[in-house]
Amino acid sequence: MKIGFEEICKYIDGDLSKDQANAVANAIKNDPALKEMYLLQNQVNESISTVLLNEVSTNFTLNTVKRLEQERAKVGQFSGVKWILISLVSVTLFSVLIFAVLSAYASPVVAESSKFSLTLPQAFVESISNFSVGSWPVFTMIPLFLFMLVWIDHLVVNAVVPRRKIA
Amino acid sequence: MKTNRKEDNIILQLKNGSSSAFRWLVNEYQDYVYSICLSILKNKMEAEEAAQDTFLKCYKSINKFNGKSKFSTWLYQIAYRTSIDFIRKRKHTQDIDDFDYAIAGTTNTVEENLEQKELQQQLANVINQLGSEERILITLFYLQEKSVKEVCAITNLNESNVKVKLYRARKKMYDIMSQTNSENNKF
């Protein structure tokens, strides 16, 4: 086994098998150059961390905690903006969809008063006026539709607004 | 789980959003995280900013820590990546290189003899002569006695690559030191 710097390092790090470690130990005993190499490397291992470890400035902890609090405050403001956006997008999407459905399926005039007239899809009006057990699919569709709307809306807002949530 | 009991408790508190646990975390690891950032960035101000970012990122993503590695390894991984991001951003502006390693005044004790001080000064000079990658690997390997596997986990380099690079860095350090010693012995 040829013993050089690499083997000395492995010996110090404890990366050698028992036999190999014994061989290196014997070589160190008998060869002054290897012994010097071993002693110097050992000294390096003992002293290097004191050189590598540097201290932060005195206010580091305080400043870091302050930054955390600032970020938390930002998140508070941010969630307000986020929910306003979600509400606005929801209302817009819902209006557009209602308008599209009404334009496509509305019967001429369903409800009329002196001030305004309202048109609604024929199927919807019929299901209300002739409500029976058989009309349940129409009423089931409404909450499902609303749920889907909110879900799509949430995805849209999350895609537009970057996520900066703090636990 | 490779964390100790106190650390487990702190991690649990952090997951619940505790500020005092965050303060403990910063106090406990600030010098190590800062030293890693400094070894990569070689600029004190940037290193402090990167270290702060590291702790904030750690707090935000503490739920992602699954305990498969040591907590310190996970934290140093964040510090390493944050510092690399700082370097990437810096490339668009300018290179900064204003820090040189030296013996910190506070680490010297009364008992410390002149020989040790000399060795530390010599080591500081040698570290200043290392390339950035060598300096980072040496820092990670020696700072908290991390194993090669932990260095791999932090840097995302493969084991043989880290071993070879570490060996070369250590050899380079040894060569510089023995050369300096032999030059000193001539006088």
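Residues numbered from 1 in each chain as written. Chains lettered and ligands numbered in written order. Predicted model: local features only at pLDDT ≥ 70, side-chain atom pairs only at ≥ 80, totals over all residues.

Draft legend 1. How the structure looks around the overall build of chain B. Helices and strands together make up the secondary structure of chain B, namely eight helices and zero strands. For chain B, the succession of helices and strands along the chain, N to C, is α-α-α-α-α-α-α-α. Classification of the 187 residues of chain B by burial places 37% in the buried group. Sequence-distant contacts, at least 24 apart, represent 64% of the contacts inside chain B between residues at least 6 apart. (Helix = DSSP H or I, 4+ residues; strand = E, 2+ residues; numbered from the N terminus. Buried ≥ 20, exposed ≤ 12 C-beta atoms within 10 Å, placed from the backbone. Contact = placed C-beta atoms within 7 Å.)

Draft legend 2. Seen up close, helix H3 (residues 44-60) of chain B. Residues and elements named next belong to chain B. Counted at 1.5 Å a residue, the expected span for H3 with its 17 residues is 24 Å, and the 24 Å between its end C-alpha atoms agrees. Across the 17 residues of H3, 12 count as buried, placing the element largely inside the fold. Considered for burial, the residues of H3 that qualify are Glu46, Ala47, Glu48, Ala50, Ala51, Gln52, Asp53, Thr54, Phe55, Leu56, Cys58 and Tyr59. (Expected span 1.5 Å × (residues − 1).)

Draft legend 3. Representation of the environment of Ser19(B) within the structure. Looking at the secondary structure, you find Ser19(B) in helix H2 (residues 19-41). Once the C-alpha coordinates of Ser19(B) and Tyr59(B) are considered, the two residues, 40 residues apart in sequence, prove to be 9.6 Å apart.

Draft legend 4. Broad picture of the interface of chain A and chain B. Opposite the 28 residues of chain A that make contact, chain B presents 41 residues. Breaking the side of chain A that touches chain B down by element, the ones donating at least two residues are helix H1 (5-13), helix H3 (32-52) and helix H4 (60-105) of chain A. Counting residues per element, the side of chain A that touches chain B draws most heavily on H3(A), which supplies 10 residues. Taken together, the residues that form the side of chain A that touches chain B break down as 14 nonpolar, 10 polar and four charged. (Nonpolar A, V, L, I, M, F, W, Y, C, P; charged D, E, K, R; others polar.)

Draft legend 5. Spatial organisation of helix H5 (residues 114-129) of chain B. Residues and elements named next belong to chain B. For H5, with 16 residues, the first-to-last C-alpha span of 23 Å sits near the 22 Å given by 1.5 Å per residue. When we look at burial in H5, the residues that qualify are Leu119, Gln120, Gln122, Leu123, Val126 and Ile127. Burial along H5 is one-sided: seen end-on, the buried residues are contained in an arc of 165 degrees. Residues of H5 that are exposed and point over 90 degrees away from its buried face: Leu114, Glu118 and Gln129. (Arc of directions from axis to C-beta.)

Draft legend 6. Looking closely at the packing of H3(A) against H5(B). At a closest axis distance of 9 Å, the pairing of H3(A) and H5(B) adopts a crossing angle of 70 degrees. Viewed along their axes, H3(A) and H5(B) adopt a mutual orientation that is roughly perpendicular. Across from Gln43(A), Val44(A), Ser47(A), Ile48(A), Thr50(A) and Val51(A) in H3(A), the residues of H5(B) making contact are Gln116(B), Leu119(B), Gln120(B), Leu123(B), Ala124(B) and Ile127(B). When its residues are assigned to classes, the contact of H3(A) with H5(B) shows seven nonpolar, five polar and no charged. (Axes fitted to C-alpha atoms, helices over the stretch in contact; angles between N-to-C directions. Parallel < 35°, antiparallel > 145°, perpendicular 65-115°, else oblique.)

Draft legend 7. Looking closely at the confidence of the model for chain A. Residue and element names in this part refer to chain A. Of all residues in chain A, 60% attain a pLDDT of 70 or more, and the chain-wide mean is 74. Here strand E1 (residues 111-112) stands out as the least confident element of chain A, with mean pLDDT 52; helix H2 (residues 18-30) is the most confident, with 91. Counting contacts from residues 163-167, a segment whose pLDDT is below 50, to residues more than four positions away or on other chains yields 13 contacts. (pLDDT = per-residue confidence, 0-100.)

Draft legend 8. Focus on the confidence of the model for chain B. Residues and elements named next belong to chain B. On average, chain B scores 85 in pLDDT, and the residues at 70 or more come to 88%. Of all the helices and strands in chain B, H5 carries the lowest mean pLDDT, 84, while H3 carries the highest, 94. For this predicted complex, the interface confidence comes out at an ipTM of 0.80, alongside a pTM of 0.70.

Draft legend 9. Highlighting the environment of Phe5(A). Within the element layout of this structure, Phe5(A) appears in helix H1. Judged by the 16 C-beta atoms lying within 10 Å of it, Phe5(A) falls in the partly exposed class. C-alpha separation for the pair Phe5(A) and Tyr38(A), spaced 33 residues apart in sequence, amounts to 8.3 Å. Excluding its chain neighbours within four sequence positions, the residues that come into contact with Phe5(A) are Met37(A), Lys171(B) and Tyr174(B).

Draft legend 10. How the structure looks around unusual backbone geometry. All names here are of chain B. At lysine 42, a residue that is not glycine, the phi angle is positive and equals roughly 50 degrees. Looking at the element boundaries, lysine 42 is found in the loop between H2 and H3. Even without being glycine, asparagine 156 reaches a positive phi, approximately 65 degrees. Note on placement: asparagine 156 falls in the loop between helix H7 (148-155) and helix H8 (159-186).

Draft legend 11. Broad picture of the nonpolar core. Ranked by internal contacts, the top residues of the largest apolar core, which has 55 residues, are Val33(B), Ile36(B), Cys37(B), Ala51(B), Leu75(B), Ala79(B) and Leu137(B). A per-element tally of this core places H2(B) first, with 12 residues. Every residue in contact with Ala79(B), bar those within four places of it in the chain, is listed here: Val33(B), Ile36(B), Cys37(B), Ala51(B) and Thr54(B). Core analysis: the next-biggest nonpolar cluster, separate from the first, contains seven residues, Ile8(A), Val24(A), Met37(A) and Tyr38(A) among them. (Core = buried A, V, L, I, M, F, W, Y, C linked by C-beta atoms within 7 Å.)

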